[in-house]
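Chains, contacts and geometry: an overview
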Amino acid sequence: MKIKYDDNGDARIDTALTAIAIFIAAIMVISLTTSPILTGTKEGDRAPNVTGKAYNGSVWEDFDLQTYYDYDWSLENNNTTGSQWVMIEFLDTDCPYCFNTIREYQEGSQYFTPENPNWNGPHVSFLASAAELTGLKGHDSSREEIMAFRDKTPGEMCNSGNQDCSERGGSPYLIPFIDDLDKSHMDKWGIPGTPSYFLIQPDGIIAWSSFDNQDEKFYDAINRIVPQNNPQGGE
């Protein structure tokens with residue numbers, strides 16, 4: 001019996017092997033020349049996602065931090081107005097320092113918006129993630145306490161249980177307050193204490209954190225980092 005031999009078949013196999021080799025080589029070149037963006041909380045990292053429930057002033061609704069991002073954004077494209085930056089604070093409504101400095105954050109949430117004629121940059125969305133720091137006296141919190149802290153309504157005790165939540169400085173908030181009573185977000189971000197602040201670019205990359213810039217206020221960081229059309233200075 002004579003075995004049939006297909007010369008064309010050999011050629012097809014050689015072509016396929018060559019194509020596979022070229023494909024593998026291309027993948028290796030991309031992997032060696034592309035710097036992956038790590039997920040983390042250092043400047044330049046992609047911010048870990050935050051999901052769950054957030055109080056918007058009337059109801060607790062689903063929340064997903066990634067819905068704020070525009071992954072096509074870049075500074076090189078000079079897209080400074082079409083996308084929003086994000087400032088997120090991790091706090092505890094019973095943290096005395098949070099209680100005493102919250103007015104600055106509340107005022108910042110109303111200042112860094114295109115509706116403010118004194119701000120010439122894009123919208124900065126302010127968020128607050130409220131945790132319950134365990135093992136500390138007077139730090140028993142609840143959703144009711146978060147709501148009272150946000151809205152400045154009486155009946156719940158904040159500041160280590162020493163002051164009614166309605167007595168905090170500033171006005172009622174207009175921003176989402178995220179439920180982190182189980183500290184899952186704080187643990188995911190590796191945050192040891194409150195308050196902690198992060199400025200996130202529209203593409204989800206951390207541009208600034210209070211950990212790396214302990215001597216700089218969050219509003220000074222926004223003025224310094226976020227592109228403006230005609231910068232006029234601070235808050």
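Refer to the structure above for everything that follows.
These numbers come from a predicted model, not from an experiment.

Rules used throughout
Residues numbered from 1 in each chain as written. Predicted model: local features only at pLDDT ≥ 70, side-chain atom pairs only at ≥ 80, totals over all residues. Heavy atoms only, no water. Salt bridge = Lys/Arg side-chain N within 4 Å of Asp/Glu carboxyl O. Helix = DSSP H or I, 4+ residues; strand = E, 2+ residues; numbered from the N terminus. Buried < 20%, exposed > 50% of the residue type's maximum accessible area, 1.4 Å probe, protein only. Contact = heavy atoms within 4.5 Å. Pairing = 2+ DSSP bridges. Axes fitted to C-alpha atoms, helices over the stretch in contact; angles between N-to-C directions.

Regarding the pattern of salt bridges
Following the criterion strictly, the structure yields five salt bridges and no others. For Arg 143, the salt bridge is made with Asp 179, and the minimal N-O distance between the two is 2.8 Å. With Arg 143 in helix H3 (residues 143–151) and Asp 179 in strand E7 (residues 177–180), the pair connects residues that are 36 residues apart, well separated along the chain. For Arg 143, a relative accessible area of 30% puts it in the partly exposed group. Under the relative-accessibility criterion, Asp 179 is labelled buried at 18%. A salt bridge links Glu 216 to Arg 224; the nearest nitrogen and oxygen atoms lie 2.9 Å apart.

With respect to the side chain of Thr 113
Structurally, Thr 113 is set in the loop between helix H2 (96–111) and strand E4 (124–131). Those residues in contact with Thr 113 that lie beyond four places of it in its chain are Trp 119 and His 123.

A few points about the sheet that holds E7
In space, the seven strands of this open sheet follow the order E2-E1-E7-E4-E3-E8-E9, with mixed pairing throughout. Looking at the sheet topology across the chains shown, the edges are occupied by strand E2 (60–64) and strand E9 (206–209). Averaged over all adjacent pairs, the angle separating strand axes in this sheet is 30°, with direction ignored. Relative to strand E8 (residues 196–200), strand E3 (residues 85–92) runs antiparallel, the two being bridged by five bridges. Within the sheet, the bridge partner assigned to Met 87 lies in E8 and is Leu 199. The strands touched by H2 are E3, E4 and E8; relative to E3, the strand with the most contacts, the crossing angle is about 165°. This element, helix H5 (residues 218–225), spans E3, E4, E8 and E9 of the sheet and lies at about 145° to E9.

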